[in-house]
Amino acid sequence: MAFSKSFLPLLAMLLLACSGCDASVLLDDTPTSVGEKGSPANFNSLRGFEVIDDIKAQVEAACPATVSCADILALAARHSVSVLRGPRWQVPLGRRDARTAASPAEAIANLPPADMEVPGLIGIFASKGLDAKDMVALSGAHTIGQTRCGVYRARIYNDKNVDPNFAAIRKNNCPPFGDDNKWTPLDLQTPTRFDNKYYRNLLGGRGILHSDQALYGGGQVDGLVKSYSANNSAFFADFALAMTKMGNISPLTGANGEIRLNCRKAN
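Keep in mind that what you see is a predicted model, and the values were worked out from it rather than measured. (Residues numbered from 1 in each chain as written. Predicted model: local features only at pLDDT ≥ 70, side-chain atom pairs only at ≥ 80, totals over all residues. Heavy atoms only, no water.)

### Observations concerning the pattern of salt bridges
For step 1, the next point in the chain: Summed over all chains, the structure comprises ten salt bridges.
For step 2, the next point in the chain: Notably, a salt bridge pairs Asp28 with Lys37, separated by 2.4 Å at the nearest N-O pair.
For step 3, the next point in the chain: Residue class for Lys37 comes out buried when judged on its relative accessible area of 13%.
For step 4, the next point in the chain: Of the charged contacts in the structure, one is a salt bridge between Glu258 and Arg99, with a shortest N-O distance of 3.5 Å. Taken together, the residues Glu258 in the segment after α13 (232-247) and Arg99 in the loop between α4 (69-83) and α5 (104-110) connect sequence positions 159 residues apart.
For step 5, the next point in the chain: A single salt-bridge network, built from bridges that share partners, covers Asp28, Lys37, Asp53 and Arg264. (Salt bridge = Lys/Arg side-chain N within 4 Å of Asp/Glu carboxyl O. Buried < 20%, exposed > 50% of the residue type's maximum accessible area, 1.4 Å probe, protein only. Helix = DSSP H or I, 4+ residues; strand = E, 2+ residues; numbered from the N terminus.)

In structure tokens, the structure reads:
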């Protein structure tokens, strides 16, 4: 199913669009404007655009020039979580779409890299009005989706706080050199189910990204990781709350923005 396979990119589009929940991340580059979509921070990582294209085409056929790409993206992210047996949450509607995209430099500044430590992660989320609990709950989206060898290689070959058996399995799919774009599930146990296995993996040193494992190991958010690992319902509840907060970051409403007819370009 396209929704489930594209969940993580859809969620990333909603959560980390640099200017807020305004579908700016969906805009293609133009001869006069280079946006965040193809920035180095998103290269070969942000995917699933064709899913939104398909939804938008069907919505336009049924109800022209009425539903924004920003609202479609927010609803698609929620539906993807639900399809994978995760929580549901209310999605306020009425957003409008941005006419321009953030720059590649803004994307680099706003997207947390895979080697970031907890203070940096907390700082980036705080800049969006989200606290440490939101950050840890939203990180649980890594219970599904895939990542590239080039992103996690340093973690499995260099980090000391990695389970050796886990690292050996991952090395089978990610050699010391080459195959940078070879994909592997973020969670080997239940890669297509939205659950709290992500946090259980962290307790055992089996976080695939350095920034994942940084959440557990003597730091300030250890308690949250332990709580979510033991209580799936608590994770679901906090994730849903954090998603609602994310969806309300700097939306365009009223006379601001537009209702795009094609999510890839301004009207």
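### Some details on unusual backbone geometry
For step 1, the next point in the chain: Positive phi, close to 60°, is recorded for Ala23, a residue that is not glycine.
For step 2, the next point in the chain: Inspection of the secondary structure puts Ala23 in the loop between α2 (7-16) and α3 (49-62).
For step 3, the next point in the chain: We classify Ala23 as buried; its relative accessible area is 3%.
For step 4, the next point in the chain: Look at Asp179: it is not a glycine, yet its phi comes out positive at around 55°.

### Re the state of the cysteines
For step 1, the next point in the chain: In total, this model carries two disulfides according to the counting rule given.
For step 2, the next point in the chain: With a sulfur-sulfur separation of 2.1 Å, Cys69 is cross-linked through a disulfide to Cys263. With the S-S dihedral at roughly -100°, the linkage between Cys69 and Cys263 falls on the left-handed side. Of this pair, Cys69 sits in helix α4 while Cys263 is found in the segment after α13, placing the two residues 194 residues apart along the sequence. Side by side, Cys69 and Cys263 carry an identical accessibility label, which is buried.
For step 3, the next point in the chain: Each sulfur of the disulfide joining Cys149 and Cys174 lies 1.9 Å from the other. Where Cys149 bonds to Cys174 through sulfur, the torsion about that S-S bond is close to 75°, and the disulfide is right-handed. You can see Cys149 sitting in helix α8 (residues 149-158) and its partner Cys174 sitting in the loop between α9 (164-171) and β2 (183-185), a full 25 residues away along the chain.
For step 4, the next point in the chain: Regarding the disulfides, the protein carries the connectivity 1-4, 2-3 under sequence-order numbering of its bonded cysteines.
For step 5, the next point in the chain: A disulfide-free cysteine, Cys21 has its sulfur positioned 11 Å from the sulfur of Cys69, the nearest such atom.
For step 6, the next point in the chain: For Cys21, a relative accessible area of 3% translates into the label buried.
For step 7, the next point in the chain: Of all cysteine sulfurs in the structure, the one in Cys69 sits closest to Cys63, which takes part in no disulfide; the separation is 13 Å. (Disulfide = S-S within 2.5 Å.)

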